[in-house]
Amino acid sequence: MAVTGFSIFPSSLSPVIHRDFTPLVWKFSKSNSISFRRLAVSTEQTQTQTPTTTATPTTTRRFSEKSEELGEAEVAASVDEVEQNGRVWREYFERSKELISRSDGGPPRWFTPLESGPPLKNSPLLLFLPGILSVGLGLIKNHRRIGKIFEIWCLHIPVMDRTPFTDLVKQVEKTIRSENDRSPNRPIYLVGESFGGCLALAVAASNPDIDLVLILANPTTSISRSQLQPLMTLLEFIPDQLPFSPPNMLSLMTGQPLRTAIESVVKGLPLQQTVGELSQDLDAISSYLSVLADILPRETLRWKLQMLKSGSAVSNSRLHAVKAQTLILSSGRDQLLPSQEEGERLCHALPKCEIRKFNNSGHFLLLEDGIDLVTIIKGASFYRRGKYLDYVSDYMLPTPTEFKKVAEDNKWISAFTSPVMLSTLEDGKIVRGLAGIPSEGPVLLVGYHMLLGFELVPLIANIFRERNILVRGIAHPMLFMKKGNIQETFLDVSQYDTFRIMGAVPVSASNLFKLLSSKSHVLLYPGGVREASHRKGEEYELMWPEQSEFVRMAARFGAKIIPFGAVGEDDISELVFDYDDQMKIPYLKNQIEKLTNAAVNLRTDATGEVANQDLHFPGILPKFPGRFYYYFGKPIETEGLKQELKDRDKAHELYLQVKSEVRRCLAYLKEKRESDPYRNLLSRLIYQATHSFTSEIPTFKL
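Residues numbered from 1 in each chain as written. Predicted model: local features only at pLDDT ≥ 70, side-chain atom pairs only at ≥ 80, totals over all residues. Heavy atoms only, no water.

Enquirer: Just give me the short version of the sheet that holds strand β15 (residues 521-524), but keep the residues and values in it.
Expert: Strand order in the open sheet formed by 8 strands is β11-β10-β19-β16-β12-β15-β13-β14, with mixed pairing between adjacent strands. Each end of this open sheet is capped by a strand with a single partner; those strands are β11 (430-432) and β14 (505-506). Bridge analysis of strand β12 (residues 443-447) against β15 gives 4 bridges, and the strand direction is parallel. Note that in β15 the partner of L445 across the bridge is L523. Along the sheet, helix α18 (residues 456-467) makes contact with β10 (420-424), β12, β13 (471-475), β15, β16 (560-567) and β19 (629-632), crossing β19 at roughly 55°. (Pairing = 2+ DSSP bridges. Helix = DSSP H or I, 4+ residues; strand = E, 2+ residues; numbered from the N terminus. Contact = heavy atoms within 4.5 Å. Axes fitted to C-alpha atoms, helices over the stretch in contact; angles between N-to-C directions.)

Structure, rendered in structure tokens:
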């Protein structure tokens, strides 16, 4: 078999020959030692010895079942343990030391951490291109999670290697061309950190015909504006007796010490005094210094700086040729590069580019606590296994860690509104809680959309928490717009990442079809954006279209339709600046028109108020919080009605029945909340103070 790509370690270290090229694969034991094993040479043998995990169809989108299938709970727990103990950097340097101690020098090569696999069937390939340190362990904190949904290969560039930038580009090109020939229908992800970002851009520019997805973390395309070179010049003047060298000081760029040093120099404070004040911080990282000195000896550092310059020049000169889908991750506290400014520049220069900003992060973003690359990819809707993104089959359920973060970020909503959840059992009995929602799908939840969708987070979170069911929301295309479409508007698309992580899909008949056919629990608002951005005095009015839109689709799969109502928007806010007010102001009118034109037009054939799909954000004033109330009516069966509901009149009759039930749910809640002694926040706080802050707060009698 012809072997292409990069060379391997010496035979004494038991190299792994993997598919059509020769990466090294290793596994870290609990003692942090590195063990090697030999795999089969041929493609067929490799596939036999390396099992894949197949995504088996499930009867419902229950969280626990899918979590066990993917092993996500175990993965998330492992990541949490690393983050909680704060050992990421220590682990990085310890493993780097062991890796470079086994290296024979030589040219760059790929490796795959055994801890990262096996991935799901048909998972895309992810190539990690490292930054200035070039060890290839920049994803060490994410190996397990990434390895569940990607086939991951990491590039290792030995310390003494002097391969020019253009030759690195050619070698990476050989790999992606070989893999594209082998699997032409799957995308190849290039994750470039720092210097690796320049490498990814140069490769993408030379291969516009290959389906590449670029994820660039603080790329060094702005090296000409970097603080790195002046800092290195400054460090040459530090007295020899001080325990600093260029590599030692470079290690400080991941945290507060470097920030303090730079700020002190800028302020004109004596450098000697600044060094003394940093002594305690140096103690914390003293164990890393010898390893960093081995990774970046003085001559290697000089070479790396030259590589940064040449890589930046080449990649910038080829930006016009980059056609790949690109996600840029920019840090706000990168002390080496103006990363956020550069991210915006690249986003305007590249045609299919999105950006995510991390205002409190430094240069080594992917090694920081709280940064989960898989969650970022999922939130940006950048994970796909084929030529095009399928919002249903490509979706990965949220891990316990992801759900916990979503709940933490939005806990103030539940804390202020103390949601009351009511549901209806099959015998018609109304109970507190969500026992009336069927466990098995397909289920279609159809209801009223509060102003600005206030009801969404408590609704999704409580069903998820109480019934272990993830509800997939049918959402407006605005939540999935790309930055290129809205550059002249005030909309920040990253604010909708949470909705995408929690399973929202763009509204379309095909997506509803796929969800119901996979026996999912689906959330649908027929009133859509018109209902969620209603005018003054229109609260709790249903802005539904005249024709039925979902009944026959539900009947096709025998889905249970659950009508529901949600009230409380008028208890927490007052609408003071609505659509009619905003359209009187030329600037806001222009912004509304731009945003509306950028989004996909819906219901262009509809008439009446529901046809007004202009996108805007109503102005509200907060009130002293009241309470949210939800009432899920009795499930309406459609099983066995497929033929009957082909008749448009029959389908419309059922549609009107669902609409009437939603109105009844709203009327019931509006009436019953008047008798709730704990409708006011103050009364609820008093109750919790005299009982327990974790106790369930009573409500009206059922």
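Enquirer: Describe the packing of helix α6 (residues 165-182) against helix α7 (residues 195-206), with residues and values.
Expert: Packing of α6 against α7 leaves a shortest axis separation of 9 Å and a crossing angle of 60°. Looking at the two axes, α6 sits oblique to α7. For α6 against α7, the interelement crossing comes out right-handed. The segment α6 lies against α7, with F165, L168, V169, V172, E173, I176 and R177 engaging F195, C198, L199, A202, V203 and S206. By residue class, the composition of the contact of α6 with α7 is 10 nonpolar, 1 polar and 2 charged. (Parallel < 35°, antiparallel > 145°, perpendicular 65-115°, else oblique. Left-handed = near helix turned anticlockwise from the far one by under 90°. Nonpolar A, V, L, I, M, F, W, Y, C, P; charged D, E, K, R; others polar.)

Enquirer: With reference to specific residues and values, describe the packing of aromatic side chains.
Expert: Centre-to-centre distance and the angle between the planes together describe a pair of aromatic rings. Considering all chains together, one arrives at 16 aromatic pairs under this definition. Measuring from ring centre to ring centre gives 5.2 Å for Y678 and Y687, while their planes differ by 70°; the resulting arrangement is edge-to-face. Judged by relative accessible area, which is 14%, Y687 ranks as buried. Chaining the aromatic ring pairs together yields one cluster made of F150, Y189 and Y383. The ring of Y395 carries the charged tip of R472 above its face, separated from the ring centre by 4.0 Å. (Phe/Tyr/Trp six-rings, centres within 6.5 Å; stacked < 30°, edge-to-face > 60°. Buried < 20%, exposed > 50% of the residue type's maximum accessible area, 1.4 Å probe, protein only. Lys NZ or Arg CZ within 6 Å of the ring centre and 35° of its normal.)

Enquirer: Please give an account of unusual backbone geometry that cites residues and values.
Expert: A negative phi angle is the norm for most residues apart from glycine, just as the trans form is the norm for most peptide bonds. The peptide bond linking G441 to P442 adopts the cis configuration, its omega dihedral lying at 5°. Positioned with a positive phi, S134 is a non-glycine residue whose angle comes to about 65°. Of the residues examined, S134 reaches a relative accessible area of 3% and is grouped as buried. A positive phi angle is found at S381, which is not glycine, with a value near 55°.

Enquirer: Please provide a residue-by-residue account of the environment of G537, values included.
Expert: The residue G537 is located in the loop between α21 (528-532) and α22 (551-556) in this model. Since its relative accessible area comes to 54%, G537 is described here as exposed. Residues G537 and L575 lie 38 residues apart in sequence; the distance between their C-alpha atoms is 8.7 Å.

Enquirer: Report on helix α27 (residues 681-690), specifying residues and quantitative values.
Expert: Side chains of residues three or four places apart in an α-helix project in the same direction, reflecting 3.6 residues per turn. Of the positions making up α27, those classed as buried are L681, S683, R684, Y687 and Q688. Across the axial projection of α27, the buried residues extend over an arc of 160°, all falling on one side. Of the exposed residues in α27, those oriented more than 90 degrees away from the buried face are I686, A689 and T690. Those residues of α27 that are buried lie in contact with α17 (411-417). Looking at where α27 begins, the residue whose side-chain oxygen comes 2.7 Å from the main-chain nitrogen of L682 is N680. (Arc of directions from axis to C-beta. Polar contact = N/O pair within 3.5 Å; in protein donor to acceptor, adjacent residues only side chain to side chain.)

Enquirer: Pulling in residues and values, what's your account of a negative patch on the surface?
Expert: Judged by side-chain charge, E426, D427, E637 and E639 come together as a negatively charged surface patch. Relative to the helices and strands, E426 resides in the loop between β10 and β11. We classify E426 as exposed; its relative accessible area is 69%. (Patch = residues over 30% accessible without salt bridge, like charges linked within 9 Å, V, L, I, M, F, W, Y side chains within 5 Å. Areas by Shrake-Rupley, 256 points an atom, 1.4 Å probe, with all protein chains shown as cover. Salt bridge = Lys/Arg side-chain N within 4 Å of Asp/Glu carboxyl O. Lys, Arg positive; Asp, Glu negative; His and termini not counted. Charge placed at Lys NZ, Arg CZ, Asp CG, Glu CD.)

Enquirer: Can you explain a nonpolar patch on the surface? Please cite residues and give values.
Expert: Residues L452, F617 and I620 make up a contiguous nonpolar surface patch of about 210 Å² in total accessible area. Turning to its location among the elements, L452 is positioned in the loop between β12 and α18. Judged by relative accessible area, which is 36%, L452 ranks as partly exposed.

Enquirer: Could you give an account of the side chain of S226, naming the residues involved and the relevant values?
Expert: Mapped onto the elements of the fold, S226 is located in the loop between β7 (212-217) and α8 (228-235). A distance of 2.5 Å separates a polar atom in the side chain of S226 from the backbone oxygen of L336. Apart from residues lying up to four places away in sequence, S226 is in contact with L336 and L337.

Enquirer: So what about the pattern of salt bridges? Which residues, and what values?
Expert: Summed over the entire model, instances satisfying the criterion amount to 29 salt bridges. D372 is paired through a salt bridge with R145; the nearest N and O atoms lie 2.6 Å apart. Remark: R145 occurs in helix α5 (residues 143-149) and D372 occurs in the loop between β9 (353-358) and α15 (373-379); sequence separation between them is 227 residues. Residue D372 is classed as buried on the basis of its relative accessible area of 14%. What makes R145 buried here is its relative accessible area of 2%.

Enquirer: So, the environment of Y395: which residues are in play, and what are the values?
Expert: Of note, Y395 is situated in the loop between α15 and α16 (400-409). Taking the C-alpha atoms as reference points, Y395 and I501, separated by 106 residues in sequence, lie 8.6 Å from one another. Beyond its immediate sequence surroundings of up to four residues, Y395 is in contact with D390, L470, R472, R500, I501, M502 and G503. A polar side-chain atom of Y395 sits 3.2 Å from the main-chain amide nitrogen of G503.

Enquirer: Describe the pairing of β10, and please don't skip the residues or the numbers.
Expert: Among the 5 residues that make up β10, 5 are buried, leaving the element largely enclosed by the rest of the structure. Side chains V420, L422 and T424 of β10 all project onto a buried face; the interleaved residues M421 and S423 project onto the opposite face, where all are buried too. Across 4 bridges, β10 lies against β19 in parallel orientation. Bridging across to β19, L422 finds its partner in Y631. As defined by bridge partners, β10 adjoins β11 across 3 bridges and the pair is classed as antiparallel. Residue pairing in the sheet places S423 in a bridge with V431 of β11. Turn length for the β10-β11 hairpin, with the two strands adjacent in sequence and antiparallel, is 5 residues, and the turn residue G428 shows positive phi of about 90°.

Enquirer: Tell me about the packing of α7 against helix α13 (residues 298-317), and please be specific about residues and values.
Expert: Contact pair α7 / α13: the axes reach a minimum separation of 9 Å and the direction vectors enclose 35°. Where α7 crosses over α13, the two elements pack in a sense that is left-handed. For the pair α7 and α13, the contacting residues are F195, C198, L201 and A202 in the first and M307, L308, G311, S312, V314 and S315 in the second. Considered class by class, the residues forming the contact of α7 with α13 number 7 nonpolar, 3 polar and no charged.

Enquirer: Please give an account of the nonpolar core that cites residues and values.
Expert: In this structure, L214 and L329 are the most contacted members of the largest nonpolar core, which totals 91 residues. Per-element accounting of this core gives the leading share, 9 residues, to α7. Excluding residues within four positions of it along the chain, L214 makes contact with L190, A200, L201, A204, V322, A324, Q325, T326 and L327. (Core = buried A, V, L, I, M, F, W, Y, C linked by side-chain atoms within 4.5 Å.)

Enquirer: Which residues make up the pairing of strand β4 (residues 125-129), and what values go with them?
Expert: Burial of β4 is extensive: 5 of the 5 residues sit out of reach of the surface. By the alternation rule, side chains of β4 split into L125, L127 and L129 and L126 and F128, which are all buried. The pairing of β4 with strand β5 (residues 151-156) spans 4 bridges and is parallel. Counterpart to F128 in the pairing with β5 is C154. Note on the crossover from β4 through α5 to β5: the handedness is right-handed. Note that β4 and strand β6 (residues 188-193) share 5 bridges and pair parallel. (Right-handed = clockwise from strand over helix to strand, strands pointing away.)

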